[in-house]
Amino acid sequence: MIRLDKVTKIYDIKVDDRKALDEVSLTIEDGEFVSIMGPSGSGKSTLLNIIGGMDSVTDGDYYFNDCRVSSLTARNLHDFRKQHIGFVFQHFALMDHYTAYENIEIPLIASKVKKKERKKIISEKLESLGILEIKDKIPGKMSGGQQQRVAIARALVTNADVILADEPTGALDQKTGQEVLGLLEQINKSGKTVIIVTHDPSIASKTNRIISIEDGRIKSDSKQI
Amino acid sequence: MIHKIFRYHLVSVYFIISQMVILMSVFNVLHIFNKAYAKERERLEAIADNRIELTVDTVNGQDMLTGAGKGVTKGNVVAEGKLTCEVAEIGSLNRCEVILSINEATPYKMISGHIPGESPDDTGKRCVALGRNKVGYAKERDGIKYLTINQEEYEVVGIIGSENSDFWDYKIVLNSDCMGDKLKNSYKSVNNYTITIYSNLSSVQETFEQVYQNLLSADSYSNIVAVDKRQKGESTVKATLQRENLRTNVLVYVFCIINSIIISMFWVVQRKKEVAIKRVFGYSNIRIVSDLARDLLLLMIITFVFYLTGYAIVQFIIYLNTGMYDHWNLTSVLAVIGMFFLTMIITLVTPVIEIYKNASEIIK
Ligand SMILES: Nc1ncnc2c1ncn2[C@@H]1O[C@H](COP(=O)(O)OP(=O)(O)OP(=O)(O)O)[C@@H](O)[C@H]1O
Ligand SMILES: [Mg+2]
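Residues numbered from 1 in each chain as written. Chains lettered and ligands numbered in written order. Predicted model: local features only at pLDDT ≥ 70, side-chain atom pairs only at ≥ 80, totals over all residues. Heavy atoms only, no water.

Novice: Would you take a moment to explain the site of ligand 1 for this structure?
Specialist: Residues in close proximity to ligand 1 total 14 residues, the closest being Arg18(A), Ser40(A), Lys44(A), Ser45(A) and Thr46(A). Each of chains A and B places residues next to ligand 1. Side-chain polar atom of Arg18(A) to an oxygen atom of ligand 1: 2.5 Å apart, as the coordinates give it. In this structure, an oxygen atom belonging to ligand 1 sits 3.0 Å away from a main-chain N or O atom of Gly43(A). Considered on its own, ligand 1 offers 630 Å² of accessible surface; in the complex 65% of this is hidden by protein. Split into classes, the residues belonging to the shell around ligand 1 amount to 3 nonpolar, 7 polar and 4 charged. (Near = heavy atom within 4 Å. Polar contact = N/O pair within 3.5 Å; in protein donor to acceptor, adjacent residues only side chain to side chain. Areas by Shrake-Rupley, 256 points an atom, 1.4 Å probe, with all protein chains shown as cover. Nonpolar A, V, L, I, M, F, W, Y, C, P; charged D, E, K, R; others polar.)

Below, the structure written as structure tokens:
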């Protein structure tokens with residue numbers, strides 16, 4: 001369970017004291033499929049980064065299950081991320097000079113998984129995402145959809161509880177975008193919490209809950225079945 | 001493994017090249033030092049325990065050299081200083097030394113043959129011993145080398161040189177008993193030279209008195225100053241180092257170190273995305289830095305191995321051609337290892353700082 005309690009985020013008080021997030025309180029249960037919507041600059045990515053433990057809060061508290069993430073040290077935060085969170089980014093964030101296989105391997109190496117074990121896990125994931133044949137290709141030689149699948153595989157290999165996706169379909173065409181969304185849906189069905197940021201209402205409508213934010217505040221929060 | 005290091009091949013290749021130049025400058029500096037000290041060692045080894053040096057000034061145009069060693073039974077006597085000879089094959093005047101008497105082992109390091117006068121066959125024959133550098137000018141006929149000195153042909157009976165340094169390489173050693181008349185005549189007009197009497201076996205006082213008498217009987221007006229030499233003379237190390245391009249090599253090294261820093265910075269810049277991604281997916285800073293260090297270290301080792309191989313080959317070729325090779329002592333080996341690590345540390349400092357400074361985990 002993710003619980004935010006009056007979370008405020010100001011990036012740099014000296015430069016700009018505007019609140020990227022303004023007293024946001026929010027609870028997301030395990031296994032939810034959530035989309036976050038809102039205009040550009042409203043604080044969507046900020047919210048996602050805080051949930052993912054990539055950024056710190058300025059004020060307020062963030063709990064993950066019983067753990068108070070907002071007060072973790074850098075090192076523990078690091079471990080928290082490794083254990084619980086999988087990220088998917090708009091522009092895939094794949095390493096250009098690494099093959100699909102090597103890209104997916106990164107979180108496993110970070111978690112000190114043995115080489116043999118890594119191979120097994122990665123092959124399974126490649127297989128289930130239908131991209132086994134591109135495992136030795138570098139990102140530059142893949143289509144956008146393939147790249148995002150590789151990125152999703154990478155988010156999944158460590159068996160994270162929560163998958164965070166910042167505009168995962170933003171750089172893809174309509175059809176590929178829907179395919180990727182389908183994958184995320186499947187991942188959610190397998191029991192993981194999936195939170196995506198999107199501009200696209202047709203994508204958001206496929207999720208079970210839509211949170212709209214504006215100027216760092218939650219404007220609406222609607223569950224749908 | 002290798003393909004992982006060469007992922008960013010352009011930077012890698014550039015890095016290797018700059019490391020190569022670093023090694024070259026380091027090896028050059030060491031080579032120069034080794035050479036300078038080897039040469040000095042050789043100079044010191046060649047100095048006899050007992051020495052008296054005579055500075056002779058004469059104006060009468062007498063042949064002072066032929067009779068100077070007469071009656072000497074202890075120690076060796078050699079004339080040098082302003083003595084030169086005219087070698088047709090080289091086309092210039094060359095410094096030379098003329099042995100006046102041999103009664104014990106000479107200090108010359110021989111590659112082959114002997115010093116004129118050391119063999120009974122030499123008497124009455126025109127012959128010469130040459131350093132490696134000079135021997136190249138000699139012409140060979142029927143398996144014997146000849147050199148034309150003051151328009152007369154001299155047989156080369158010995159080649160002087162050592163594998164340690166070039167200390168002996170420019171020597172021309174003659175003997176007053178194995179010299180042509182033309183050269184002898186030319187020495188009549190030399191009015192200043194030094195004569196050294198030396199021995200490792202006995203005192204040279206007696207010999208000095210004999211030579212002194214011989215000189216005075218050749219020209220009673222000559223002015224002779226005798227100095228009993230105790231010191232080993234001035235070290236040649238400084239002069240050798242000055243002659244060699246030590247400073248250039250040091251500058252090249254410094255330049256390349258700076259270059260390496262820039263390359264390694266560029267290395268990080270190029271891997272910015274990679275670093276950010278690795279961080280997001282759980283790599284710690286230490287892990288990222290150690291990966292980077294491993295890559296750079298491997299590149300350095302690859303370069304080092306390449307360089308050593310090349311160095312060995314070049315040394316072998318030089319050895320075949322000149323009979324000389326670099327002498328490495330413990331200090332030089334330690335110095336190279338030290339430079340290797342220093343270079344590595346300097347190269348790594350910037351990326352490490354860079355990585356720790358920009359510890360952001362946000363991917364745009
Ligand atoms: N690293 C940062 N440093 C300073 N300010 C930032 C930083 N990242 C975001 N901001 C500011 O915080 C606010 C929220 O940014 P955020 O990236 O969360 O918006 P967003 O909703 O994701 O926008 P978009 O739809 O364009 O991605 C913006 O005003 C932005 O300028
Ligand atoms: Mg955003």
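Novice: Looking at this structure, how should I read the sheet that holds strand E5 (residues 67-68) of chain A?
Specialist: Strand pairing in a sheet relies on backbone hydrogen bonds, with the paired strands running either antiparallel or parallel. Residue and element names in this part refer to chain A. Strand order in the open sheet formed by 4 strands is E2-E1-E4-E5, and the pairing between neighbours is antiparallel. Here the strands that pair on one side only, and so sit at the sheet edges, are strand E2 (21-28) and E5. Seen against the sheet, helix H1 (residues 44-51) touches strand E1 (2-9), E2 and strand E4 (59-64) and runs at an angle of roughly 125 degrees to E1. (Pairing = 2+ DSSP bridges. Helix = DSSP H or I, 4+ residues; strand = E, 2+ residues; numbered from the N terminus. Contact = heavy atoms within 4.5 Å. Axes fitted to C-alpha atoms, helices over the stretch in contact; angles between N-to-C directions.)

Novice: Before we go on, may I ask you to explain the interface of chain B and chain A in this structure?
Specialist: Frequently, the measure chosen for interface size is the accessible area removed from exposure when the parts meet. Chain B puts 18 residues into the contact, and the matching count from chain A is 20 residues. Contact between chain B and chain A buries roughly 2,000 Å² in total, counting both sides, with carbon and sulfur atoms accounting for 60%. For Asp96(A), the salt bridge identified is with Lys273(B), shortest N-O distance 3.2 Å. At the junction of chain B with chain A, the criterion picks out 6 residue pairs in polar contact (both at pLDDT 80 or more). The element that contributes the greatest number of residues to the side of chain B that touches chain A is helix H8 (residues 272-280) of chain B, accounting for 6 residues. Split by residue class, the side of chain B that touches chain A holds 7 nonpolar, 3 polar and 8 charged. (Buried area = accessible area lost by both parts, 1.4 Å probe. Salt bridge = Lys/Arg side-chain N within 4 Å of Asp/Glu carboxyl O.)

Novice: Is there a simple way to think about the pattern of salt bridges in this case?
Specialist: Pairing between side chains becomes possible if they bear opposite charge and their charged atoms approach one another. Residue and element names in this part refer to chain B. Tallied over the entire structure, the rule returns 28 salt bridges over all chains. The partner of Arg126 in a salt bridge is Glu152, with the nearest N and O atoms 3.9 Å apart. Linking Arg126 in the loop between strand E6 (110-113) and strand E7 (127-131) with Glu152 in strand E10 (residues 152-160), this pair joins segments that are 26 residues apart in sequence. Look at Arg126 and you get partly exposed, because its relative accessible area is 34%. Via salt bridges that share partners, Arg271, Glu274, Lys278, Asp291, Arg294 and Asp295 belong to a single interconnected network. (Buried < 20%, exposed > 50% of the residue type's maximum accessible area, 1.4 Å probe, protein only.)

Novice: Is there a simple way to explain helix H5 (residues 144-156) of chain A in this structure?
Specialist: Each turn of an α-helix holds 3.6 residues, which means side chains three or four residues apart point in the same direction. Helix length check: H5(A), at 13 residues, gives a terminal C-alpha distance of 18 Å against a target of 18 Å (1.5 Å per residue), a fit within 8%. In terms of residue burial, H5(A) counts as a mostly covered element, since 11 of its 13 residues are buried. Those residues of H5(A) that fall on the buried side of the exposure criterion are Gly145(A), Gln147(A), Gln148(A), Arg149(A), Val150(A), Ala151(A), Ile152(A), Ala153(A), Arg154(A), Ala155(A) and Leu156(A). Check the buried side of H5(A) and you find it contacts strand E6 (85-88), helix H3 (100-110), helix H4 (115-128), strand E7 (162-166) and helix H6 (174-189) of chain A together with H8 of chain B. (Expected span 1.5 Å × (residues − 1).)

Novice: I would appreciate a short explanation of empty space enclosed by the protein in the present structure.
Specialist: Remark: the empty space left among the atoms is shown by a probe the size of a water molecule rolled over them. All chains considered together, the criterion is met by 4 cavities of 30 Å³ or more. Estimated volume of the largest cavity: approximately 80 Å³. Every residue lining the largest cavity is counted, 13 residues in all, and those nearest its centre are Lys82(A), Ile85(A), Pro107(A), Thr158(A) and Phe281(B). For the lining of the largest cavity, the element with the most residues is E6(A), which contributes 3 residues. Looking at side-chain class alone, the lining of the largest cavity contains 6 nonpolar, 4 polar and 3 charged residues. (1 Å grid on protein atoms, 1.4 Å probe; cavity = no way out; pocket = protein on both sides within 12 Å on 5 of 7 lines; lining within 4 Å. Points joined across faces, edges and corners; volume = space filled by probe spheres on them.)

Novice: Is there a simple way to explain the layout of surface pockets in this structure?
Specialist: Residue and element names in this part refer to chain B. In this structure, the largest pocket encloses a volume near 1,100 Å³. Listing elements by their share of the lining of the largest pocket, those giving two or more residues are helix H2 (9-46), strand E1 (50-57), strand E2 (76-81), strand E12 (192-199) and helix H6 (237-243). By residue class, the composition of the lining of the largest pocket is 14 nonpolar, 7 polar and 11 charged. Each of domain 1 (2-41 + 238-363) and domain 2 (48-231) accounts for three or more of the residues forming the lining of the largest pocket. (Domains from an automatic or database assignment.)

Novice: How should I be thinking about the packing of H2(B) against helix H7 (residues 246-270) of chain B in this particular structure?
Specialist: Relative placement of two packed helices is described by the angle separating their axes and the distance separating the axes. Residues and elements named next belong to chain B. Remark: H2 packs on H7, axes separated minimally by 9 Å, with the N-to-C direction vectors making an angle of 160 degrees. When the axis of H2 is compared with that of H7, the two are roughly antiparallel. Both H2 and H7 take part in a crossing whose hand is left-handed. (Parallel < 35°, antiparallel > 145°, perpendicular 65-115°, else oblique. Left-handed = near helix turned anticlockwise from the far one by under 90°.)

Novice: Quick question: what am I supposed to make of the domain arrangement of chain B here?
Specialist: All names here are of chain B. When cut into domains, chain B gives domain 1 (2-41 + 238-363) and domain 2 (48-231). For domain 1 versus domain 2, the distance between C-alpha centres works out to 50 Å. Contact with domain 1, which involves 8 residues of that partner, is made by 8 residues of domain 2. Roughly 760 Å² is buried in total at the junction of domain 1 and domain 2, and carbon and sulfur atoms are behind 53% of that figure. Interface area lost by domain 1 to domain 2 is led by Lys39, Met324 and His327, which between them contribute 57%. Viewed at the interface, domain 2 and domain 1 are joined by 1 salt bridge. Counting across the domain 1 and domain 2 interface gives 1 residue pair in polar contact (both at pLDDT 80 or more). With 3 residues, H2 is the single largest residue contributor to the side of domain 1 that touches domain 2. A breakdown of the residues in the side of domain 1 that touches domain 2 according to their chemical character gives 3 nonpolar, 3 polar and 2 charged.

Novice: Which parts of the structure should I look at to understand the pairing of E1(A)?
Specialist: Looking along a regular strand, one sees the side chains alternate between the two faces of the sheet. All names here are of chain A. In this sheet, E2 lies alongside E1 in antiparallel orientation, the contact comprising 5 bridges. Following the sheet pairing, Arg3 is matched in E2 by Thr27. Across 5 bridges, E1 lies against E4 in antiparallel orientation. The residue bridging Asp5 from the neighbouring strand is Asp61, located in E4.

Novice: What am I meant to see in helix H10 (residues 330-357) of chain B here?
Specialist: Residues and elements named next belong to chain B. Given a rise of 1.5 Å per residue, 28 residues ought to cover 40 Å, and the 40 Å separating the end C-alpha atoms of H10 matches this to within 8%. Along H10, the sharpest kink reaches roughly 25 degrees, centred on Val349 and followed within four residues by the proline Pro351. Here H10 has its buried residues at Ser332, Val336, Phe340, Thr343, Met344, Thr347, Leu348, Thr350, Pro351, Glu354 and Ile355. Each element contacted by the buried residues of H10 is listed here: H2, H7, H8 and helix H9 (285-322). (Bend = angle between axes of the 7 residues up to and from the residue.)

Novice: Just to check I follow, could you spell out the packing of aromatic side chains for this structure?
Specialist: Working definition: an aromatic ring pair is given by the centre-to-centre distance plus the angle between the planes. All names here are of chain B. A full pass over the atoms with the stated rule returns 14 aromatic pairs over all chains. Arranged with centres 6.1 Å apart and planes meeting at 55 degrees, the rings of Phe15 and Trp267 form a pair that is tilted. Here Trp267 lies in helix H7 and Phe15 lies in helix H2, a separation of 252 residues in the sequence. Trp267 sits in the buried class, given a relative accessible area of 1%. Lying over the aromatic face of Tyr146, Arg141 brings its terminal NZ or CZ to 4.4 Å of the ring centre. (Phe/Tyr/Trp six-rings, centres within 6.5 Å; stacked < 30°, edge-to-face > 60°. Lys NZ or Arg CZ within 6 Å of the ring centre and 35° of its normal.)

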